[in-house]
Amino acid sequence: MFRENVRVGAEGSGFEKGIQAAWSALSPTLTSGPNAGFYREDAALSVIFVSDEDDGSNYPVHDWLDAFWDLKGQRNRDMFTASALTGVHPGTNQPGPCGETGEDPFEGARAA
């Protein structure tokens, strides 16, 4: 089911901005429009990023974290979690290239 709902590929922008996209999805414009009912003030919020390289959103990660925590209130930081599925080295399981052969720059995942 997950595979069916996640588009995999190298088409589109070359700049991964998953954090910025998640924030946009929670903006008033989208939460009162296409995403109406998605964000609930009393519910925990979990965001999962799926990417093949580092995020290139416009601000440092700590600025984004503060913004997400502000949604739930700084005293309720446990109401927000973020996770990432990224490339890992097949031998060490640490962040690193995954399946890159060097011949095809779009094959596999880069360290993220």
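Refer to the structure above for everything that follows.
One structure accompanies this document, and this report is about it. (Residues numbered from 1 in each chain as written. Predicted model: local features only at pLDDT ≥ 70, side-chain atom pairs only at ≥ 80, totals over all residues. Heavy atoms only, no water.)

## Structural notes on a nonpolar patch on the surface
A cluster of nonpolar side chains, namely Phe2, Ile48, Val50 and Leu85, defines an oily patch on the protein surface of about 410 Å² accessible area. Along the polypeptide, Leu85 turns up in strand E2 (residues 80-85). (Patch = residues over 30% accessible without salt bridge, like charges linked within 9 Å, V, L, I, M, F, W, Y side chains within 5 Å. Areas by Shrake-Rupley, 256 points an atom, 1.4 Å probe, with all protein chains shown as cover. Salt bridge = Lys/Arg side-chain N within 4 Å of Asp/Glu carboxyl O. Helix = DSSP H or I, 4+ residues; strand = E, 2+ residues; numbered from the N terminus.)

## Some words on the environment of Asn58
Tracing the backbone shows Asn58 in the loop between strand E1 (45-50) and helix H4 (61-72). The spatial distance from the C-alpha of Asn58 to the C-alpha of Gln20 is 7.5 Å, given a sequence separation of 38 residues. Excluding residues within four positions of it along the chain, Asn58 makes contact with Lys17, Gln20 and Trp64. (Contact = heavy atoms within 4.5 Å.)

## What to know about H4
Along its 12 residues, H4 runs 17 Å from first to last C-alpha, staying within 8% of the 16 Å computed at 1.5 Å per residue. The complete set of buried residues in H4 reads Trp64, Ala67, Phe68, Trp69 and Lys72. Those residues of H4 that are buried are in contact with helix H2 (18-25), E1 and E2. Just beyond H4, the residue with positive phi is Gly73, at close to 95 degrees. (Expected span 1.5 Å × (residues − 1). Buried < 20%, exposed > 50% of the residue type's maximum accessible area, 1.4 Å probe, protein only.)

## Considerations on the side chain of Lys72
With respect to the helices and strands, Lys72 occurs in helix H4. Here Lys72 is buried and forms no salt bridge, its nearest opposite-charge partner Asp42 lying at an N-O distance of 6.4 Å. A polar atom in the side chain of Lys72 sits 2.9 Å from the backbone oxygen of Arg40. If we skip the residues at most four places from it in the chain, Lys72 touches Tyr39, Arg40, Glu41, Ala43, Leu45 and Met79. (Lys, Arg positive; Asp, Glu negative; His and termini not counted. Polar contact = N/O pair within 3.5 Å; in protein donor to acceptor, adjacent residues only side chain to side chain.)

## Regarding the packing of H2 against H4
Between H2 and H4, the shortest axis-to-axis distance is 11 Å and the interhelical angle comes to 20 degrees. Viewed along their axes, H2 and H4 adopt a mutual orientation that is roughly parallel. The element H2 and its partner H4 pack so that their crossing is left-handed. In contact with Ile19, Gln20, Ala22 and Trp23 of H2, H4 contributes Val61, Trp64, Ala67, Phe68 and Leu71. When the residues that make up the contact of H2 with H4 are grouped by side-chain class, the tally is 8 nonpolar, 1 polar and no charged. (Axes fitted to C-alpha atoms, helices over the stretch in contact; angles between N-to-C directions. Parallel < 35°, antiparallel > 145°, perpendicular 65-115°, else oblique. Left-handed = near helix turned anticlockwise from the far one by under 90°. Nonpolar A, V, L, I, M, F, W, Y, C, P; charged D, E, K, R; others polar.)

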